[in-house]
Protein chains: 2
Amino acid sequence: MPNIDKCTEKLIKEKATALFFVLGHINASSQEIADYAGVKRTLVNYYFRSKNNLFKITYDELITNLKSSLKKIYISKQPFSNKVEELIDFLIFFRESYPYLEKFNIQEINNINRSADSILQPQGSAELNYFIKEVEQEMENGLIKKYHPINFILNIFSLVSFPIVMKPLFIEIFDIDKSEFIALLKARKQVIKTILFN
Amino acid sequence: MPNIDKCTEKLIKEKATALFFVLGHINASSQEIADYAGVKRTLVNYYFRSKNNLFKITYDELITNLKSSLKKIYISKQPFSNKVEELIDFLIFFRESYPYLEKFNIQEINNINRSADSILQPQGSAELNYFIKEVEQEMENGLIKKYHPINFILNIFSLVSFPIVMKPLFIEIFDIDKSEFIALLKARKQVIKTILFN
DNA sequence: AAATTGTTTGACATTATTGTCAAATATTTT
DNA sequence: AAAATATTTGACAATAATGTCAAACAATTT
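Predicted model only: the values in this text are computed from it and were never measured.

## Side note on the overall build of chain A
- Of the regular secondary structure elements, chain A holds ten helices and zero strands.
- Its C-alpha atoms give chain A principal-axis dimensions of roughly 65 × 45 × 40 Å.
- Counting only residues that meet the buried cut, chain A has 51% of its 198 residues in that class.
- Taking the intrachain contacts of chain A between residues at least 6 apart in sequence as the baseline, contacts between residues at least 24 apart amount to 62%.
- Of the roughly 9,900 Å² of accessible surface on chain A, 52% is carried by carbon and sulfur atoms.

## Description of the side chain of B:E102
- Residue position: B:E102 is located in helix 6 (residues 101–109).
- Among the polar contacts listed, one links the side chain of B:E102 to the side chain of B:R95, at a separation of 3.1 Å.
- Those residues in contact with B:E102, other than ones at most four positions away along the chain, are A:F162, A:M166, B:R95, B:S161 and B:V165.

## Quick notes on the protein's contact with DNA strand D
- Around DNA strand D, 14 residues are found, and the nearest of them are A:K40, A:T42, A:Y47, B:S30 and B:R41.
- The sugar and phosphate moieties of DNA strand D supply 54% of its atoms located within 4 Å of the protein.
- Tallying contributions element by element places helix 3 (residues 41–48) of chain A first for the surface near DNA strand D, with four residues.
- In terms of residue class, the surface near DNA strand D is built from four nonpolar, seven polar and three charged.

## Overview of the pattern of salt bridges
- Per the counting criterion, the structure on display carries 16 salt bridges over all chains.
- Put simply, A:E136 and A:K133 hold a salt bridge, and the shortest N to O gap is 3.9 Å. Here A:K133 and A:E136 lie together in helix 7 (residues 126–141), a separation of three residues that amounts to about one turn.
- For A:E136, a relative accessible area of 34% gives the class partly exposed.
- Residue B:K146 is joined to B:E140 by a salt bridge in which the shortest nitrogen-to-oxygen separation is 4.0 Å.
- In this structure B:K146 comes out as exposed when scored by relative accessible area, which is 61%.
- According to the relative accessible area criterion, B:E140 is exposed, its value standing at 55%.

## With respect to the relation of the copies chain A and chain B
- Rotating chain A by 180° and moving it 0.0 Å along the rotation axis overlays it on chain B with an RMSD of 0.1 Å. Such values leave the two copies arranged in the relation of a two-fold axis. Judged by C-alpha distance, A:S158 is the residue of chain A that lies nearest the rotation axis, at 2.7 Å.
- Mapped onto chain B, 100% of the interface residues of chain A are again interface residues, and the two copies thus contact each other with one and the same surface.

## Overview of the domain arrangement of chain A
Residue and element names in this part refer to chain A.
- When cut into domains, chain A gives domain 1 (1–49) and domain 2 (64–196).
- Each of domain 1 and domain 2 has a C-alpha centre, and these two points are 30 Å apart.
- In this assembly, eight residues from domain 1 lie in contact with eight residues from domain 2.
- Roughly 580 Å² of surface becomes buried between domain 1 and domain 2 when both sides are summed, with 68% attributable to carbon and sulfur atoms.
- Summed over the three residues of domain 1 that lose the most area to domain 2, namely F21, V22 and I26, the buried surface amounts to 74% of that side.

## A few points about the protein's contact with DNA strand C
- DNA strand C sits among 14 residues. The nearest are A:S30, A:R41, B:K40, B:T42 and B:Y47.
- What you see for DNA strand C is that sugar and phosphate hold 59% of its atoms within 4 Å of the protein.
- A:R41 places a polar side-chain atom, nitrogen or oxygen, 2.7 Å from a base oxygen of DNA strand C.
- Interatomic distance of 3.0 Å between a side-chain N/O atom of A:K51 and a phosphate oxygen of DNA strand C.
- For the surface near DNA strand C, the secondary structure elements donating two or more residues are helix 3 of chain A together with helix 3 (41–48) of chain B.
- Take the surface near DNA strand C: its biggest share by element is four residues, from helix 3 of chain B.

## Here we look at helix 8 (residues 149–165) of chain B
- Look at helix 8 of chain B: 24 Å from first C-alpha to last across 17 residues, which is about the 24 Å you get at 1.5 Å a residue.
- In terms of residue burial, helix 8 of chain B counts as a mostly covered element, since 17 of its 17 residues are buried.

## Remarks on empty space enclosed by the protein
- One pass over the structure, following the stated rule, counts two cavities of 30 Å³ or more.
- Along the walls of the largest cavity sit B:I92, B:E96, B:L159, B:V160, B:P163, B:I164, B:L185, B:R188, B:K189 and B:I192, which together make up its complete lining.
- Elements with a minimum of two residues in the lining of the largest cavity: helix 5 (80–97), helix 8 and helix 10 (178–196) of chain B.
- Surrounding the second largest cavity, A:K145, A:Y147, A:N155, A:I195, A:L196, A:F197, A:N198 and B:I195 form its lining.
- Looking at the lining of the second largest cavity, its residues break down into five nonpolar, two polar and one charged.

## Points about the packing of aromatic side chains
- All chains considered together, the criterion is met by 37 aromatic pairs over all chains.
- Judged by centre distance (6.4 Å) and plane angle (10°), the rings of A:F55 and A:Y59 are stacked. Within this pair, A:F55 and its partner A:Y59 are both found in helix 4 (residues 51–75), separated by four residues, close to a single helical turn.
- Judged by relative accessible area, A:F55 falls into the buried class, the value being 7%.
- Since its relative accessible area comes to 4%, A:Y59 is described here as buried.
- An aromatic cluster of at least three residues, connected via ring pairs, comprises A:F162, A:F170, A:F174, B:F162, B:F170 and B:F174.
- The cationic tip of A:K15 hangs over the ring face of A:Y36; the distance from NZ or CZ to the ring centre is 5.3 Å.

What counts, and at which threshold
Residues numbered from 1 in each chain as written. Chains lettered and ligands numbered in written order. Predicted model: local features only at pLDDT ≥ 70, side-chain atom pairs only at ≥ 80, totals over all residues. Heavy atoms only, no water. Helix = DSSP H or I, 4+ residues; strand = E, 2+ residues; numbered from the N terminus. Buried < 20%, exposed > 50% of the residue type's maximum accessible area, 1.4 Å probe, protein only. Contact = heavy atoms within 4.5 Å. Areas by Shrake-Rupley, 256 points an atom, 1.4 Å probe, with all protein chains shown as cover. Polar contact = N/O pair within 3.5 Å; in protein donor to acceptor, adjacent residues only side chain to side chain. Near = heavy atom within 4 Å. Nonpolar A, V, L, I, M, F, W, Y, C, P; charged D, E, K, R; others polar. Salt bridge = Lys/Arg side-chain N within 4 Å of Asp/Glu carboxyl O. Least-squares fit on C-alpha atoms with pLDDT ≥ 70 in both. Domains from an automatic or database assignment. Buried area = accessible area lost by both parts, 1.4 Å probe. Expected span 1.5 Å × (residues − 1). 1 Å grid on protein atoms, 1.4 Å probe; cavity = no way out; pocket = protein on both sides within 12 Å on 5 of 7 lines; lining within 4 Å. Points joined across faces, edges and corners; volume = space filled by probe spheres on them. Phe/Tyr/Trp six-rings, centres within 6.5 Å; stacked < 30°, edge-to-face > 60°. Lys NZ or Arg CZ within 6 Å of the ring centre and 35° of its normal.

Okay, structure coming up:
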């Protein structure tokens, strides 16, 4: 069965991305990927050589998007508090679009076998450093409390990401409806902003 | 080779716990577990029937400890701010003792195949509800900002756990020494307390 | 010391998954 | 339409991991 609307390679890649990072089948077998894309398993090898390579490609694309968006925000010309707000909004949006990306990061971060050719290649950037300098500036100005500026970044990422990553667990622990928790997370955006500033 | 000091069953269980949750080999093969304990692989099956069962047993023991400690803190008779401080201290201590426990939680939480007999059995408790009531009380008193009390709990767990879970990633992103980051996390305890209260 | 019970071992069968390859089929170029 | 190229398919080999089992061995009881 030939594909009319989309070339097979693109199709496989898109379906794999959704399977990995939207549906959370991070360890899907090549058979599972092929089935989800509606193609034979061998085509995964034909177009991408190996399942791992396919995974690496989809992961790299997502991370590249993420990084590029973050960098734009870090150096954007706008009042600091607006910038933080934009950062929070974007992070929430991205985490909810690909809720399982962070899950993979966590799985891989601590992987014993992680080597130089690891899929994960975290790195800082000039843009991030610029933002950190700005945080220090605002600490001088008294807008935020004074401590190591990295803490401010840690706070943002922690307060936004952790509840999303742990959502199913928290729903059971707090014994509330899924919809109620989602509403809570929505309202939480304001809570986070309040907490971050004096 | 017979074991003198410790019966084989206990030995395997202890080594497996360390391998899983201290060293982070969450997906260790039965061979790896046996090697680490210095016994033949079949003994894992002999004493624990299956690798999965062994994992479940070690996991359950850890979680039982964790829950019981948390419950004690939740209902302990002491000023609210001291209680929160104790909670933070304990959480940091526990996360650093078993840094990979949370990693497993995150892996499993979203597992598609998670069924009724899943290893994960999160649940609330009367003690937690008691603590939440107390949080609401302190919001009335003006010690903490007013919002859905669950946010306060989310904040504590997020601010403590996320930087520990993501430690290796943050070290690379912020391009700082491991020792420097550990020092930062140590000092961070105070940062968290400051943030949580008005 | 013979019998019973508990523990350890190596060999085996089973299952799941991966990547390769040659043959079949479709598409494009000449 | 013949040739060349690209894509798809099914069969195959290799690998890794799991759990079972009977036999060997050790310890304990009678």
